[in-house]
Amino acid sequence: MNRMIDPRLLRALVGVIDHGSFTRAAEQLNMSQSTISQQISRLEDQLGQPLLDRDARPVRMTAAGERLTGYARRILALQDEATLALGDPSGSVSLRIGLAEDIMTPDMARLFADFSATHRRVRLDVTAGLSLALTRGYRDGDFDIIVVKETAPEPDCRASVPEPIGWFQGPGAPDAPDPLPFVTFPPGGLYRDQMFRRAEDLGRRWYVAFSGSSLSNVVTAVEAGLGISLLPVRAAVGRDLRRNTLFGAEPAMVASLYAWETGGIAAPLVAAMRDVLARR
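Remember, it's a predicted structure, so these values are computed and weren't measured experimentally.

Parameters at a glance
- Residues numbered from 1 in each chain as written.
- Predicted model: local features only at pLDDT ≥ 70, side-chain atom pairs only at ≥ 80, totals over all residues.
- Heavy atoms only, no water.
- Helix = DSSP H or I, 4+ residues; strand = E, 2+ residues; numbered from the N terminus.
- Phe/Tyr/Trp six-rings, centres within 6.5 Å; stacked < 30°, edge-to-face > 60°.
- Buried < 20%, exposed > 50% of the residue type's maximum accessible area, 1.4 Å probe, protein only.
- Lys NZ or Arg CZ within 6 Å of the ring centre and 35° of its normal.
- Axes fitted to C-alpha atoms, helices over the stretch in contact; angles between N-to-C directions.
- Parallel < 35°, antiparallel > 145°, perpendicular 65-115°, else oblique.
- Left-handed = near helix turned anticlockwise from the far one by under 90°.
- Contact = heavy atoms within 4.5 Å.
- Nonpolar A, V, L, I, M, F, W, Y, C, P; charged D, E, K, R; others polar.

Peer 1: Tell me about unusual backbone geometry, residues and numbers included.
Peer 2: Here the residue pair Arg57 and Pro58 is connected by a cis peptide bond, since its omega of 0° sits within 30 degrees of zero. Mapped onto the elements of the fold, Pro58 is located in the loop between β1 (52–53) and β2 (60–61). Along the chain, Asp178 connects to Pro179 via a cis peptide bond; the corresponding omega equals 0°. Mapping Pro179 onto the fold places it in the loop between β7 (165–169) and β8 (180–184).

Laid out in structure tokens, this is it:
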């Protein structure tokens, strides 16, 4: 085991053991049954062994589950004791949020500020970054909530809205230089491989003229005339860019919201984030 165990995963395990079923544990912890099951699976994956016999009725612990449960109860008891001892509940609950960079709009920022002001015991840890890296972090348990760009939503997506994309270039740049100068994100960036595939489908030579780690500096490079890029249409609004006609139209992507929990303290935040996305 190469990382600390998230107490929330331990609380899910103890809940299932104490109540004898995933359903009753979910009710007590204000979570969905699928979330409880996912958290137990994440804990088992982290420890590398099964902790519960899911075929038993009621659910029973494996030998490894029995060994862990005693430690889990002590860890959770110490956590509760520390929270009480500190008295002030401010920041006692952490929600880790990951956002694709252009999802961090003024509306979303105001939502986080308002939520923090009215929910003092919740600490929001917000990270903006590239969608693929955020998705990997979410699946690894590094984030509680993410909003990312992707070609299509996964089955556990909580909300999804269309995100039109298009090819853009600076106002004075030629439409079809040879070779094509591309302005892209680094390897692993969402649009990068798609740009390369489209050029190769047309039999066009290309090279990377600029690679930027943020949407802002990618748009700035395109605006300055460094090359052509595939961008969210929204990112081009108010910028000195024009459409490139070489590649034609591109199918829309989606902006998708994922959350491990939609009950308890996360519920109003997830609902409000869903509303902000809907207004896009």
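From this point, the narrative continues.
Peer 1: Which residues make up the packing of aromatic side chains, and what are the values?
Peer 2: What the rule picks out here adds up to nine aromatic pairs. Between Phe185 and Tyr191 the ring centres are 6.2 Å apart and the planes differ by 35°, which places this aromatic pair in the tilted class. Judged by its relative accessible area of 4%, Tyr191 falls in the buried class. Of the aromatic side chains, those joined through ring pairs into one cluster are Trp167, Phe182, Phe196, Trp206 and Phe247. Over the face of the ring belonging to Trp260 we find Arg42, whose NZ or CZ atom lies 4.5 Å from the ring centre.

Peer 1: Give a detailed account of the environment of Gly70, specifying residues and quantitative values.
Peer 2: If you trace the backbone, Gly70 turns up in helix α4 (residues 63–86). Among the residues examined, Gly70 registers a relative accessible area of 35% and is labelled partly exposed. The sequence separation of Gly70 and Leu269 amounts to 199 residues, and the corresponding C-alpha distance is 33 Å.

Peer 1: Outline the packing of helix α1 (residues 7–19) against helix α3 (residues 33–47), supporting the account with residue identities and numerical values.
Peer 2: It is at 9 Å that the axes of α1 and α3 come closest, and there the two elements cross at 115°. Considered as vectors, α1 and α3 are oriented roughly perpendicular to each other. Judged by the twist between their axes, the crossing of α1 over α3 is left-handed. Note on element contacts: α3 touches α1 through Ile36, Gln39, Ile40, Arg42, Leu43 and Gln46, opposite Arg8, Leu9, Leu10, Ala12, Leu13 and Val16. The class makeup of the residues in the contact of α1 with α3 is eight nonpolar, two polar and two charged.

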